[in-house]
Amino acid sequence: AALPGQLISAMREACRAAFLDCGTRLLEPVYRCEVQCDRESLGRMYAVLRRRRGEVVAEALDDGTHLFHITATLPVVESFGFAHDLRKSTSGAAHPQLVFSHFQALAQDPRFVVLTEEQQEALDDGDLPTINLAKKLVDDVRRRKGLRVEDKVVASATKQRTISRKR
């Protein structure tokens, strides 16, 4: 009678340890963004997309008109206020339409911390990104929901200097 309980408990702990050991990846929802704009506002439209981590998939000139039809992907978290910024940047010449497309795995682990000297050297050389986007997104959601966020109080610790007044 005690064997099935022990087996279930051991299996649960083994699965839990396996999940904690494997690399965590965050799936981010992505919109398909279709924008129509004229040639004069094309560069400003690309700037707004680039600022919000958008990627252009296709670009075509509509037949018989002077309008370009651009298809891009845009992360949902970056889409808040996108239409307003796009219209503001292009003086109302660009008209976006956002439709859910897919989920995309972020390349970074939200629980990644530098543990070895090789990782620190790769970070210093620019091989690793300095800002962990996955951790930033998780922390933003936790703040929005009122949950605890593990922030460092001191970003770079150096010796504290106190200035004493000499009398």
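A short tour of the structure in this document, coming up.

Basis of the calculations
- Residues numbered from 1 in each chain as written.
- Predicted model: local features only at pLDDT ≥ 70, side-chain atom pairs only at ≥ 80, totals over all residues.
- Heavy atoms only, no water.
- Helix = DSSP H or I, 4+ residues; strand = E, 2+ residues; numbered from the N terminus.
- Buried < 20%, exposed > 50% of the residue type's maximum accessible area, 1.4 Å probe, protein only.
- Contact = heavy atoms within 4.5 Å.
- Core = buried A, V, L, I, M, F, W, Y, C linked by side-chain atoms within 4.5 Å.
- Pairing = 2+ DSSP bridges.
- Axes fitted to C-alpha atoms, helices over the stretch in contact; angles between N-to-C directions.
- Patch = residues over 30% accessible without salt bridge, like charges linked within 9 Å, V, L, I, M, F, W, Y side chains within 5 Å.
- Areas by Shrake-Rupley, 256 points an atom, 1.4 Å probe, with all protein chains shown as cover.
- Salt bridge = Lys/Arg side-chain N within 4 Å of Asp/Glu carboxyl O.
- Lys, Arg positive; Asp, Glu negative; His and termini not counted.
- Charge placed at Lys NZ, Arg CZ, Asp CG, Glu CD.

1. So, the overall build of the protein
Logical step 1: For the protein, the count of helices and strands is five helices and four strands.
Logical step 2: Each helix and strand of the protein, ordered N terminal to C terminal, gives the series α-β-α-β-β-α-β-α-α.
Logical step 3: The buried share among the 167 residues of the protein stands at 22%.
Logical step 4: A separation of at least 24 residues holds for 68% of the contacts in the protein among residues at least 6 apart in sequence.

2. Some remarks on unusual backbone geometry
Logical step 1: Located in the positive-phi region is R53, a residue other than glycine, with phi close to 60°.
Logical step 2: Along the chain, R53 falls in the loop between helix 2 (42–51) and strand 2 (55–61).
Logical step 3: Non-glycine residue S91 carries a positive phi angle of around 55°.
Logical step 4: With respect to the secondary-structure elements, S91 resides in the loop between helix 3 (82–89) and strand 4 (95–105).
Logical step 5: You can call S91 exposed: its relative accessible area is 67%.

3. Here we look at the nonpolar core
Logical step 1: M45, F82 and L86 are the most contacted members of the largest nonpolar core, which totals 14 residues.
Logical step 2: Contributing elements (two or more residues each) for this core: strand 1 (27–38), helix 2, strand 3 (67–75) and helix 3.
Logical step 3: When neighbours within four sequence positions are excluded, M45 is seen to be in contact with V35, C37, I70, L86 and T90.

4. Focus: the sheet that holds strand 1
Logical step 1: Overall, antiparallel pairing links the four strands, which are arranged 2-3-1-4 in an open sheet. In this open sheet, the two strands that pair with only one neighbour each are strand 2 and strand 4. Direction aside, neighbouring strands of the sheet carry axes that sit 20° apart on average.
Logical step 2: Of the strand pairs in this sheet, strand 2 and strand 3 are connected by six bridges, and their pairing is antiparallel. From the neighbouring strand, E59 faces strand 3, where its bridge partner is I70.

5. Re a nonpolar patch on the surface
Logical step 1: Taken together, the side chains of L27, F100 and F103 make up a nonpolar region of the molecular surface, amounting to roughly 340 Å² of accessible area.
Logical step 2: Looking at the element boundaries, L27 is found in strand 1.

6. A look at the pattern of salt bridges
Logical step 1: Throughout the structure, instances matching the rule amount to seven salt bridges.
Logical step 2: Linking D85 and R52 is a salt bridge whose minimum nitrogen-to-oxygen distance equals 2.4 Å. You can see D85 sitting in helix 3 and its partner R52 sitting in the loop between helix 2 and strand 2, a full 33 residues away along the chain.
Logical step 3: A relative accessible area of 26% places D85 in the partly exposed class.
Logical step 4: With its nearest N and O atoms 3.2 Å apart, the salt bridge here joins R53 to E78. A residue pair is termed long-range when its members are at least 10 positions apart, and R53 in the loop between helix 2 and strand 2 and E78 in the loop between strand 3 and helix 3 qualify at 25 residues.
Logical step 5: Salt bridges sharing partners connect three or more residues here, namely E28, R53 and E78.

7. Some details on a negative patch on the surface
Logical step 1: Judged by side-chain charge, E117, E118, E121 and D125 come together as a negatively charged surface patch.
Logical step 2: Checked against the element boundaries, D125 lands in helix 4 (residues 117–125).
Logical step 3: When its relative accessible area of 59% is taken as the criterion, D125 is described as exposed.

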